[in-house]
Number of protein chains: 2
Amino acid sequence: MPPRDELRLRLYADFMSQPSRAVIIFSRCNKLPVEVQPVLIHKGETRSPAYLERNPLGKVPLLEDPGAACSATETSAGDGCFRLPESAAIMSYLSFKFPELVPEHWYPRSDPVRRALVDSALHWYQGNIRAGAMRLSFHKVIARRLGQQGDERVAADGLKTLQVALSGLQSYWLSGGARPFMTGTQPSAADLLCACELEQLIMLRTPDHGTCLGEIMAPYPVVQAWRQRVRDACEPHYSDVHTVLLKAAGVVLQPAKL
Amino acid sequence: MPPRDELRLRLYADFMSQPSRAVIIFSRCNKLPVEVQPVLIHKGETRSPAYLERNPLGKVPLLEDPGAACSATETSAGDGCFRLPESAAIMSYLSFKFPELVPEHWYPRSDPVRRALVDSALHWYQGNIRAGAMRLSFHKVIARRLGQQGDERVAADGLKTLQVALSGLQSYWLSGGARPFMTGTQPSAADLLCACELEQLIMLRTPDHGTCLGEIMAPYPVVQAWRQRVRDACEPHYSDVHTVLLKAAGVVLQPAKL
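Residues numbered from 1 in each chain as written. Chains lettered and ligands numbered in written order. Predicted model: local features only at pLDDT ≥ 70, side-chain atom pairs only at ≥ 80, totals over all residues. Heavy atoms only, no water.

An unreviewed UniProt entry lists chain A under the name Glutathione S-transferase, from Volvox carteri f. nagariensis.

Below, the structure written as structure tokens:
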């Protein structure tokens, strides 16, 4: 039985946002009853009064669960609807909310050691892969598109952070190739977040950016093979969800197979 | 009965590292059987071959649990000892490992909504408070102490990130003062991490840094009051654990009360 409309979960997301894409792919791979509500960053929609009322942090993704037993009343907006920012927290919440739909490997519920490893990978992602890649793509490309000024030196610092992170992803998390995914033999929420973050660097493809995704990834063949594995494990959703990004980056898409 | 020596948990940590301090305070507040093993970053100890064998990422803190049922064999170093990097993951692991010692407010185990909120705050900390404060203190002070070159523009970008984060901490997480701690009426692991990160900025106190903690915090009175609450909730451990930092920053300590 599908959930009643007023109890359906809503995900406010932008297909151009790396963490938004990770949560959308996670939801589609696991057939979760989550409705995506587009909020377009480049049109200023994350800063609109209506959205800021939902999420005063002005960020996507945001999950709304009107059916949650909102015991944490002091953190709700007063309308009894539970609102949750932060992609990693959203995916772990969804894993516990739909245990019959989400296999344990995406976010382990029952084994505390495996859960700790995925938590560790999720926090590491934030402080390393995202800390590097996000500053790089923001200061090289996104700032300009939002009418702001990017800073080359901050971009360079982001690239340095990213290179150290890619090296850690290759040697530690993927164990030099011995481990297919970051925390085991199947993908987790952390693999998804890292992969979606790296995809964003396709935006660096034009020559005036001084660097591009292929160049950045070249020294990390283990990471490249893993990236393909993450993609394969999540098709067709992975490609579908990245269509908007590829178009924005000016990548010519192959016509869909008949 | 205290745990047998070979089964005792070990925390590799540096009192000069913000996340290390948060985990040490968490352990002491909850009287956890965790032994702290100092690893001094400024002496290069996180880069020593012996430590890199423990944690190839070369970071502190790291938790070692020789007694964990290490089901995730593919991620252990082969000696059966479970090793966990990332402070937030360590605290949530310890909360599940010692449910009889760690009150739910530090990291909720039974209520999925409350847990999701703390997870959200933990991930937000990493991408906002830490992303800003860490780059600011690193490029202003720490780099020089490690014999590296800091970059003023990266520091400035860090300060900007931090200011947006402090504003979000004040208005969203602390609800403009209506919520005593980030996710409710009692402190969580996220409050500890954020507070310890901000303490680090005491290193900016000398005039040639162009800014100092007091100046940075001045526009955020709600954050200042919260910071005092976090400290008060964790005494005497909070002050004890920060002694090394205060000495390094050249702060004259009050003689201990008799």
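Undergrad: How do you make sense of the overall build of chain A when you look at a structure like this?
TA: Of the regular secondary structure elements, chain A holds 9 helices and 4 strands. Secondary structure of chain A in N-to-C order comes out as β-α-β-α-β-β-α-α-α-α-α-α-α. Going through the 258 residues of chain A one by one, you find that 53% of them count as buried. Considering only contacts in chain A between residues 6 or more positions apart, those separated by 24 or more positions represent 67%. Within the structure as shown, chain A displays about 10,900 Å² of accessible surface, and the carbon and sulfur contribution to it stands at 55%. (Helix = DSSP H or I, 4+ residues; strand = E, 2+ residues; numbered from the N terminus. Buried < 20%, exposed > 50% of the residue type's maximum accessible area, 1.4 Å probe, protein only. Contact = heavy atoms within 4.5 Å. Areas by Shrake-Rupley, 256 points an atom, 1.4 Å probe, with all protein chains shown as cover.)

Undergrad: How should I be thinking about the interface of chain A and chain B in this particular structure?
TA: By a frequent convention, interface size equals the accessible area lost on bringing the separate parts together. In this assembly, 48 residues from chain A lie in contact with 48 residues from chain B. Across the interface of chain A and chain B, roughly 4,100 Å² is buried in total on both sides, 60% from carbon and sulfur atoms. It is His-123, Arg-153 and Tyr-172 of chain A that lose the most area in chain A upon contact with chain B, and together they represent 16% of the buried surface on that side. At the boundary of chain A and chain B, one finds 2 salt bridges. Note that Arg-153 of chain B is salt-bridged to Asp-151 of chain A, the shortest N-O span being 2.8 Å. Viewed at the interface, chain B and chain A are joined by 6 residue pairs in polar contact (both at pLDDT 80 or more). Of all elements in the fold, only strand 4 (82-85), helix 3 (87-97), helix 4 (112-145) and helix 5 (152-173) of chain A reach the threshold of two or more residues within the side of chain A that touches chain B. The element that contributes the greatest number of residues to the side of chain A that touches chain B is helix 4 of chain A, accounting for 16 residues. Here the side of chain A that touches chain B is built from residues that sort into 21 nonpolar, 14 polar and 13 charged. (Buried area = accessible area lost by both parts, 1.4 Å probe. Salt bridge = Lys/Arg side-chain N within 4 Å of Asp/Glu carboxyl O. Polar contact = N/O pair within 3.5 Å; in protein donor to acceptor, adjacent residues only side chain to side chain. Nonpolar A, V, L, I, M, F, W, Y, C, P; charged D, E, K, R; others polar.)

Undergrad: Would you mind showing me how to read the environment of Gln-200 of chain B here?
TA: All names here are of chain B. Looking at where Gln-200 falls in the secondary structure, it is placed in the loop between helix 6 (189-199) and helix 7 (213-217). The exposure class of Gln-200 is buried, given its relative accessible area of 2%. Taking the C-alpha atoms as reference points, Gln-200 and Phe-138, 62 residues apart in sequence, are found 9.9 Å from one another. Leaving out residues up to four positions away in the same chain, Gln-200 has contacts with Met-16, Gln-18, Arg-21, Ser-137, Ile-142 and Leu-245.

Undergrad: Can you walk me through the relation of the copies chain A and chain B in this structure?
TA: Both copies of the chain are related by a screw-like operation: a rotation about an axis and a shift along it. Screw-axis analysis of chain A against chain B gives a translation of 0.0 Å along the axis, an RMSD of 0.0 Å, and a rotation angle of 180°. In the structure described here, the two chain copies are related by an operation that fits a two-fold rotation axis. Closest approach to the rotation axis within chain A is made by the C-alpha atom of Val-154 of chain A, at a distance of 2.7 Å. Mapped onto chain B, 100% of the interface residues of chain A are again interface residues, and the two copies thus contact each other with one and the same surface. (Least-squares fit on C-alpha atoms with pLDDT ≥ 70 in both.)

Undergrad: How should I be thinking about helix 1 (residues 18-29) of chain A in this particular structure?
TA: In an α-helix there are 3.6 residues to a turn, and that puts residues three or four apart on one side. Here helix 1 of chain A spans 17 Å end to end across 12 residues, near enough to the 16 Å set by a 1.5 Å rise per residue. In the core, the buried residues of helix 1 of chain A are packed alongside strand 1 (9-13), strand 2 (34-38), helix 3, helix 4, helix 6 (189-199) and helix 9 (237-248) of chain A. (Expected span 1.5 Å × (residues − 1).)

Undergrad: What's the story with the environment of Met-134 of chain B in this structure? I'm lost.
TA: Residue and element names in this part refer to chain B. Assignment of secondary structure puts Met-134 in helix 4 (residues 112-145). Along the chain, Met-134 and Leu-201 lie 67 residues apart, while their C-alpha atoms are 8.7 Å from each other. If near-sequence neighbours (up to four positions away) are discounted, Met-134 is found in contact with Gln-18, Ile-129 and Glu-197.

Undergrad: For this particular structure, what's the right way to read the packing of helix 6 of chain A against helix 8 (residues 221-233) of chain A?
TA: Angle between the axes and distance between the axes: these two values describe a pair of packed helices. Residue and element names in this part refer to chain A. Put simply, helix 6 and helix 8 touch, their axes get as near as 10 Å, and they point 110° apart. Here helix 8 runs roughly perpendicular to helix 6, going by the angle between their axes. Along the contact surface, helix 6 presents Asp-191, Cys-194, Ala-195, Leu-198 and Glu-199, while helix 8 presents Val-223, Trp-226, Arg-227, Val-230 and Arg-231. The class makeup of the residues in the contact of helix 6 with helix 8 is 6 nonpolar, no polar and 4 charged. (Axes fitted to C-alpha atoms, helices over the stretch in contact; angles between N-to-C directions. Parallel < 35°, antiparallel > 145°, perpendicular 65-115°, else oblique.)

Undergrad: For this particular structure, what's the right way to read the sheet that holds strand 4 (residues 82-85) of chain B?
TA: One key point about sheets: their strands pair by backbone hydrogen bonds, in either a parallel or an antiparallel sense. Residue and element names in this part refer to chain B. Taken in spatial order, the 4 strands make up an open sheet running 2-1-3-4, and their pairing is mixed. Either end of the sheet is taken by a strand with one partner, and the two such strands are strand 2 (34-38) and strand 4. Strand-to-strand twist across the sheet, computed as the mean angle between neighbouring axes with direction ignored, equals 20°. Relative to strand 3 (residues 62-65), strand 1 (residues 9-13) runs antiparallel, the two sharing 3 bridges. Counted as the bridge partner of Arg-10 is Glu-64 from strand 3. Across the sheet, helix 1 (residues 18-29) is in contact with strand 1 and strand 2; its angle to strand 1 comes to roughly 150°. (Pairing = 2+ DSSP bridges.)

Undergrad: So what exactly am I meant to see when it comes to the sheet that holds strand 3 (residues 62-65) of chain A here?
TA: Residues and elements named next belong to chain A. The strand order 2-1-3-4 describes an open sheet built from 4 strands, whose pairing is mixed. Unpaired on one side and paired on the other, strand 2 and strand 4 mark the two borders of the sheet. Between one strand axis and the next, the sheet turns by 20° as a mean value, whatever way the strands run. Looking at chain direction, strand 1 and strand 2 are connected through 5 bridges and run parallel. By the bridge assignment for strand 2, Leu-9 is matched with Val-34. Seen against the sheet, helix 1 touches strand 1 and strand 2 and runs at an angle of roughly 150° to strand 1.

Undergrad: Explain helix 3 (residues 87-97) of chain B here, please?
TA: Most of helix 3 of chain B sits out of view: 9 of its 11 residues are buried. Of the residues making up helix 3 of chain B, those classed as buried are Ser-87, Ala-88, Ala-89, Ile-90, Met-91, Ser-92, Tyr-93, Leu-94 and Ser-95 of chain B.

Undergrad: I would appreciate a short explanation of the pairing of strand 4 of chain B in the present structure.
TA: All names here are of chain B. Of the two faces of strand 4, the one holding Phe-82 and Leu-84 and the one holding Arg-83 and Pro-85 are both buried throughout. Strand direction decides the pairing type here: strand 3 and strand 4, joined by 4 bridges, are antiparallel. Looking at the pairing, Asp-65 lines up with Phe-82 of strand 4.

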